[in-house]
Amino acid sequence: DAGITQSPRYKITETGRQVTLMCHQTWSHSYMFWYRQDLGHGLRLIYYSAAADITDKGEVPDGYVVSRSKTENFPLTLESATRSQTSVYFCASSKAGRYSGNTIYFGEGSWLTVV
Amino acid sequence: SQQGEEDPQALSIQEGENATMNCSYKTSINNLQWYRQNSGRGLVHLILIRSNEREKHSGRLRVTLDTSKKSSSLLITASRAADTASYFCATDANNAGNMLTFGGGTRLMVKP
């Protein structure tokens, strides 16, 4: 379904370049997340946002920047891409806080290769 | 670091057999969830079990939770080739705010 969309789906970039991955959700969910998925590490949280203009670091935030000026958008920027940032990036959203079970809905992923 | 660890890392079975995947975690939790990921796709929520529940069913899925052992299992009965995917457990730890922490996943292959 098209509730949460990521773009681009596939990107090849060079070391040192700035890259922005876009994420858009149509559910008006409060929470949005960025995860990266790597073999041997599972999914790791990069950044999350509890609401517009509120963002916080996750487990692996170094080298990434996020913003959330509107509830529906949560772009992730790699300021100066490195090869170690080659990964699959997943944007996700959740409608409520912990006491409602906070099920997370994922986008289809953005495959990023840094050469 | 991963809160949840799945076991086995990979599982190969024949269609019609049952598949059991286990998840162990380290700290007390509010709830535990299982997600499925088809190759090249995003994760999809399957089922949530709260810390005060011991067993939950959804179709061919059965999830158990043993908080004393800090473990959960996901059973898929009468598996089908279409069940081939990776399965992840995710925990909402009491000390982790609203964040879910995912395990490394179990890769399930169901052979027709």
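Before reading on, note that the structure itself is shown above.
Position labels on residues start from 1 in each chain and follow its written sequence. Note on labels: chains are lettered from A, ligands numbered from 1, in written order. Side-chain atom pairs in this predicted model are given and counted only at pLDDT of 80 or more, local residue features only at pLDDT of at least 70, and totals for whole chains, interfaces and linings cover all residues. Working from all heavy atoms in the structure, the side-chain values ignore hydrogens and water.

Draft legend 1. Structural context of the overall build of chain A. Scanning chain A from N- to C-terminus turns up 0 helices and 11 strands. Along chain A, helices (α) and strands (β) appear in the sequence β-β-β-β-β-β-β-β-β-β-β when read from the amino end. Projected onto its principal axes, the C-alpha positions of chain A cover 40 × 30 × 25 Å. Remark: exposure states derive from per-residue accessible area (1.4 Å probe, protein chains only) relative to the maximum for the residue type, with buried under 20%, exposed over 50%, and partly exposed in between. By the burial criterion, 49% of the 115 residues in chain A qualify as buried. In chain A, of all internal contacts separated by at least 6 residues, the share reaching a separation of at least 24 is 54%. A positive count includes Lys and Arg, and a negative count includes Asp and Glu. His and the chain ends are not counted in either. Where a charge lies is defined by one atom per residue type: Lys uses NZ, Arg uses CZ, Asp uses CG and Glu uses CD. Computed over 11 positive and 10 negative side-chain charges, the inter-centroid distance for chain A is 1 Å. Only DSSP runs of H or I covering at least 4 residues are called helices, and only runs of E covering at least 2 are called strands; the numbering of each starts at the N terminus. A contact between two residues is defined here by any heavy atoms of the two lying within 4.5 Å.

Draft legend 2. How the structure looks around unusual backbone geometry. In this chain, Ser7 of chain A is followed by Pro8 of chain A through a cis amide linkage whose omega measures -10 degrees. Counting through the fold element by element, Pro8 of chain A comes out in the loop between β1 (4-7) and β2 (10-13). Although it is not a glycine, Lys70 of chain B sits at a positive phi angle of roughly 50 degrees. Residue position: Lys70 of chain B is located in the loop between β7 (61-66) and β8 (71-76). Located in the positive-phi region is Ala78 of chain B, a residue other than glycine, with phi close to 45 degrees. Its location among the elements puts Ala78 of chain B in the loop between β8 and β9 (85-93). On the basis of relative accessible area, Ala78 of chain B is assigned to the partly exposed category, the value being 40%.

Draft legend 3. Up close: the state of the cysteines. All names here are of chain A. Two cysteine sulfur atoms make up a disulfide if the distance between them is within 2.5 Å. Summed over the entire model, instances satisfying the criterion amount to 2 disulfides over all chains. Two residues, Cys23 and Cys91, share a disulfide whose sulfurs are 1.8 Å apart. Here Cys23 and Cys91 share a disulfide; its torsion about the S-S bond, -80 degrees, makes the bridge left-handed. Placement of the pair is Cys23 in strand β3 (residues 19-25) and Cys91 in strand β9 (residues 87-94), with a sequence separation of 68 residues. Summarising the burial analysis for this pair, Cys23 and Cys91 share the class buried.

Draft legend 4. Fine view of the nonpolar core. Grouped together as the largest cluster of nonpolar side chains are 20 residues, with contacts concentrated most on Met21, Leu32, Trp34, Leu74, Ile76, Tyr87 and Leu108 of chain B. Counting only elements with at least two residues in this core, the list comes to β3 (19-25), β4 (29-37), β5 (43-50), β7, β8, β9 and β11 (106-111) of chain B. Take this core: its biggest share by element is 4 residues, from β3 of chain B. Setting aside residues up to four positions removed in sequence, Leu32 of chain B forms contacts with Cys23, Tyr25, Ile47, Leu48, Ile49, Leu65, Ser72, Cys89, Ala90 and Thr91 of chain B. Grouping buried Ala, Val, Leu, Ile, Met, Phe, Trp, Tyr and Cys residues that are joined through side-chain atoms within 4.5 Å yields what is termed a nonpolar core. Among the nonpolar cores identified, the runner-up in size contains 19 residues, and Met32, Trp34, Ala81 and Tyr89 of chain A belong to it.

Draft legend 5. Expanded view of the interface of chain B and chain A. Counting from both sides, the interface comprises 25 residues of chain B and, opposite them, 26 residues of chain A. Here chain B and chain A share an interface that buries about 1,900 Å² over both sides, 46% of which is from carbon and sulfur atoms. For this analysis, a salt bridge means a side-chain nitrogen from Lys or Arg found within 4 Å of a carboxyl oxygen belonging to Asp or Glu. One can count 1 salt bridge joining chain B with chain A. Between Glu108 of chain A and Arg41 of chain B there is a salt bridge, with its nearest N and O atoms 2.2 Å apart. Of the residues forming the side of chain B that touches chain A, the biggest block, 5 residues, is contributed by β4 of chain B. Two parts placed together each lose some accessible area; with a 1.4 Å probe, that loss summed over both constitutes the buried area.

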